Amino acid sequence: MTERLRESLSALMDDEADDLELGRVLRAMDEDDVSVRQTWARYQMVSAVMRGLPVGAADSGYADPVVHASTLDAMDPAEATAAQAAGAASSGSHRVRPWLSFATAAGVTLMAVVGVQWQSDDEAPAPARVATTASAASTPTVADLGGFLKVSSPGAGQQRVRTPVPLRYPAFARPPQGEMSDARRQVDAYMLYHAEMSALNSRAGMVPFARYAAFEGTQPVQ
Amino acid sequence: MMPARSLPSSSLGALLVACFLAAGSARAADDPELWLRRMNDALLQQDYRGEFSYYSGGDLASLRIVHASIDGVQHERLVHLNGHPREILRNGDEVTCLLEPGDSMLEFTESIPSGPFARAFAHGTEMLPAGYQARFGARGRIAGRSARELDVVPNDATRYGYRLWLDDATGMLLRSELIDVDGDLLEIFQFVHVDIGVDIDPAELQPRSDGSSIRHRLTFRADAPPGDGDADDAPIVHEPPNAPAWKPTWLPVGFRMTAADVRRIPESDRALHTLRFTDGLASFSLFVERTWAKNAWDQRRQHGATSAVMREFAVGDDERYLVTVVGEVPMDTAERIVRSVQPVP
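Scoring rules and cut-offs
- Residue numbers here run from 1 along each chain, matching the order of that chain's written sequence.
- Here every chain gets a letter starting at A, and every ligand a number starting at 1, in the order they are written.
- The model is predicted, so local features are restricted to residues of pLDDT at least 70 and side-chain atom pairs to those at 80 or more, both for listing and for counting; the totals for chains, interfaces and linings are taken over all residues.
- The side-chain figures draw on all heavy atoms in the structure; neither hydrogens nor water molecules are used.
- A run of DSSP states H or I qualifies as a helix once it reaches four residues; a run of E qualifies as a strand once it reaches two. Both are numbered from the N-terminal end.
- Accessible area is worked out with a 1.4 Å probe on protein chains only. A residue is then buried under 20% of its type maximum, exposed over 50%, and partly exposed in between.
- Residue contacts follow a heavy-atom distance rule, with two residues in contact if any of their heavy atoms lie within 4.5 Å.
- Note on areas: these come from Shrake-Rupley sampling with a 1.4 Å probe, and a residue is covered only by the protein chains present in the view.
- For two strands to be treated as a pair, DSSP must find no fewer than two bridges joining them.
- Axis geometry follows a simple rule: fit a line to the C-alpha atoms, using only the stretch in contact for helices, then measure angles between N-to-C directions, giving values from 0 to 180 degrees.
- Each of two parts loses accessible area, computed with a 1.4 Å probe, when they are put together; buried area is these two losses added.
- Any pair of nitrogen or oxygen atoms within 3.5 Å is treated as a polar contact; in protein, a donor-acceptor pairing is required on top of that, and neighbouring residues in sequence qualify only through side-chain atoms on both sides.
- What counts as a ring pair is set by centres within 6.5 Å for rings of Phe, Tyr and Trp (its six-membered ring), and what kind of pair is set by the plane angle: stacked under 30 degrees, edge-to-face over 60, tilted for all other angles.
- Looking at any residue, its pLDDT shows the predictor's confidence there, from 0 to 100.
- The nonpolar core is taken to be a set of buried Ala, Val, Leu, Ile, Met, Phe, Trp, Tyr and Cys residues, with the residues joined through side-chain atoms within 4.5 Å.

Draft legend 1. Representation of the overall build of chain B within the structure. The helix and strand inventory of chain B stands at four helices and 19 strands. A burial count over chain B gives 49% of its 345 residues as buried. Contacts spanning at least 24 positions in sequence make up 55% of the contacts within chain B whose residues lie at least 6 apart. Approximately 16,400 Å² of chain B is accessible, and the part contributed by carbon and sulfur atoms is 53%.

Printed below as a string of structure tokens:
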């Protein structure tokens, strides 16, 4: 896998891929979709872990980049701009469309096609939206989505489905700790407990103390 | 080579001994075990003061340290120079953290037992644990001091690697890096400036706090033998009468349990089982508690060198437990340990 391809995959994940990069990824999928998919899955996992997002250890794997690209394609222009998907939403490749058509025709949400499992969480990263299909006749089952994505009542109008794109806030805009969910708070408490015990038990050296002194908890992602 | 001239035998003997010693220390000069021991001795026995940078999880902190060994007892003061004003004081086996009201750390201290803590079993006496190889790197220069690089490389991908820079003159640790399996730097410790072997005024070890500081003390249990622990105070109500103990059924090679404890979580009647493990270099903590939470709390989180994995498991028909591993090990290792935990009847 070339460095350029890696960069294109990375850009695609950040919704910053242009047509050229999208085409590159699609051609690579043609030649060797397994390794492209694997690299994509790793990027997704690393990205989620780095942002402190809960990610189910689903063996079914993650979205491949083509499906991700197709979700960008499904967005209306306003959303596309918001997601900074400059260029990727405008045309994509003709190969992207079949995915979207399949999803629509089957009345299945792209989330189900994608197979990403986000753990149920009190605080969903915003803005995550749930699609009804274009026909709006059926609504996706919340159970399949683990209660993570909020579903509006049927017939509430057309909405889009997309894989959640975490928004990045600068450090100074982090929400106060009071808004963290109980689950996240508990893990952070355990991390502090571990740091305390390590500092107390460390034979020698400043690093365990530094870890303890610099403890800030992990930040929730919005 | 000595000229073939008759010398007093004592001088010759002394010279031969000197030659042997010189040859021995030339060998020792490249012995990682010796350098690690020297590093450990410097950290414990030297008096020093300095400022260092600490990089972790995308954040860079500055800290000041003063260390003195007085009558064989460690005294240390660490001052957190960025963000929340925090000081950590060590006097022998007692560690105190001084916090200001409003410090975010206080929110978490409510959710964890306050100790005293079970003292960890002393691990082996070898400086280089079994799961690692050590090899020297290039010479370097850190904090204006000439240093030797020592790489501590794990034998497998279940744990992290380290790069250390040790002061040529004293063996003191000047810089350390923690490196993950892909070669990424997760954590850096580096002295900006350090004075080693100086006289430390006892006043330097005193905290600069006014009356508003909150003291958070960490101490060892005085009465229990190492590694032992039992529930404190009143019986814990919400644990089934034959509540199992817990153990992981998989561990990376070389990790051993060093402490086990059951403790009450403050302001509640929940019991928290805590087990500590180390391979001599890295450590992790295993927490198990019963849960009645409505939502799934499963998650994976990381900050710098520290990974945390929490998973919920069902035991029997109606008992659910949260199992969490927190430690300086790769996320996948933590995940595998969590999933291997079994109740021990």
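Draft legend 2. Spatial organisation of the sheet that holds strand E6 (residues 132-142) of chain B. The sheet built from 11 strands is open, its strands ordered E6-E7-E8-E9-E10-E1-E2-E3-E4-E5-E11 (chain B) with antiparallel pairing. Every other strand in the sheet has two partners, leaving E6 and strand E11 (214-218) of chain B as the edge strands with one partner each. Strand after strand, the sheet turns through a mean of 15 degrees between neighbouring axes, direction not considered. Bridge count for strand E5 (residues 94-99) of chain B against E11 of chain B is five bridges, and the pairing is antiparallel. Among the inter-strand pairings, Leu-99 of chain B is bridged to a residue of E11 of chain B, identified as Ile-214 of chain B. Along the sheet, helix H7 (residues 182-201) of chain A makes contact with strand E4 (86-91), E5 and E11 of chain B, crossing E11 of chain B at roughly 65 degrees. Against the sheet, helix H2 (residues 32-45) of chain B contacts strand E1 (48-56), strand E2 (59-70), strand E3 (73-80), E6, strand E7 (145-154), strand E8 (161-167) and strand E9 (173-179) of chain B, and its axis sits at roughly 70 degrees relative to E8 of chain B.

Draft legend 3. Looking closely at the interface of chain A and chain B. Taken residue by residue, the interface counts 49 residues in chain A and 74 residues in chain B. Taken together, the two surfaces of chain A and chain B that pack against each other cover about 5,600 Å², and 63% of this comes from carbon and sulfur. Among the residues chain A hides against chain B, the three largest losses belong to Tyr-190, Leu-200 and Met-206 of chain A. Together they make up 15% of the total. Counting across the interface, chain A meets chain B through 12 residue pairs in polar contact (both at pLDDT 80 or more). For the side of chain A that touches chain B, the elements supplying multiple residues, two or more each, are helix H2 (19-50), H7 and helix H8 (207-213) of chain A. No other element matches the 19 residues that H7 of chain A contributes to the side of chain A that touches chain B.

Draft legend 4. Representation of the side chain of His-194 of chain A in the model. You can see His-194 of chain A is positioned in helix H7. When its relative accessible area of 1% is taken as the criterion, His-194 of chain A is described as buried. At 3.3 Å, the side chain of His-194 of chain A and the backbone oxygen of Val-326 of chain B are in polar contact. If sequence neighbours within four positions are ignored, His-194 of chain A has contacts with Arg-276, Ser-283, Phe-284, Ser-285, Phe-287, Thr-306, Val-326, Gly-327 and Glu-328 of chain B.

Draft legend 5. Expanded view of the packing of aromatic side chains. Counted according to the given criterion, the structure contains 12 aromatic pairs over all chains. Pairing Phe-215 of chain A with Phe-108 of chain B gives two aromatic rings, centres 5.6 Å apart and planes at 85 degrees, and the pair type is edge-to-face. On the criterion of chain membership, the pair formed by Phe-215 of chain A in the segment after H8 and Phe-108 of chain B in helix H3 (residues 105-109) is interchain, its members lying in two chains. Owing to a relative accessible area of 1%, Phe-108 of chain B belongs among the buried residues under this scheme. Measuring from ring centre to ring centre gives 5.9 Å for Phe-52 of chain B and Phe-191 of chain B, while their planes differ by 80 degrees; the resulting arrangement is edge-to-face. A residue pair is termed long-range when its members are at least 10 positions apart, and Phe-52 of chain B in strand E1 and Phe-191 of chain B in strand E10 (residues 185-196) qualify at 139 residues. Comparing Phe-52 of chain B with Phe-191 of chain B shows no difference in burial state: the two are buried. One aromatic cluster is present, formed by Tyr-190 and Tyr-193 of chain A together with Phe-117 and Phe-287 of chain B through successive ring pairs.

Draft legend 6. Spatial organisation of the confidence of the model for chain A. Residues and elements named next belong to chain A. When pLDDT is averaged along chain A, the result is 55; 28% of the residues meet or exceed 70. Of all secondary-structure elements in chain A, the lowest mean pLDDT belongs to helix H6 (residues 110-114), at 32, while H8 reaches the highest, 93. Ignoring residues within four places in sequence, the model shows residues 80-179, a span with pLDDT below 50, making 173 contacts including any to other chains.

Draft legend 7. Fine view of the nonpolar core. In terms of nonpolar packing, the biggest core is built from 93 residues, with Tyr-212 of chain A together with Phe-52 and Phe-191 of chain B touching the most fellow members. Among the elements that take part in this core, H7 of chain A stands out by supplying 11 residues, more than any other. If we ignore the near neighbours within four places in the chain, the residues touching Phe-52 of chain B are Met-206 and Ala-210 of chain A together with Ala-61, Ser-62, Leu-63, Ile-65, Leu-78, Phe-189, Gln-190, Phe-191 and Val-192 of chain B. With nine residues, the next largest nonpolar core counts Leu-5, Met-13, Val-36 and Trp-40 of chain A among its residues.

Draft legend 8. Inspection of unusual backbone geometry at higher detail. Residues and elements named next belong to chain B. Located in the positive-phi region is Asp-71, a residue other than glycine, with phi close to 55 degrees. Relative to the assigned elements, Asp-71 resides in the loop between E2 and E3. Residue Asp-71 is classed as exposed on the basis of its relative accessible area of 77%.

Draft legend 9. Up close: the confidence of the model for chain B. Residue and element names in this part refer to chain B. For chain B, the mean per-residue pLDDT works out to 86, and 84% of the residues sit at or above 70. The secondary structure element of chain B with the lowest average pLDDT is helix H1 (residues 9-28), at 57, and the one with the highest is E10, at 97. The low-confidence segment residues 228-234, where pLDDT is below 50, has 17 contacts with residues more than four positions distant or belonging to other chains. Both scores are given for the predicted complex: the pTM is 0.64, the ipTM 0.88.

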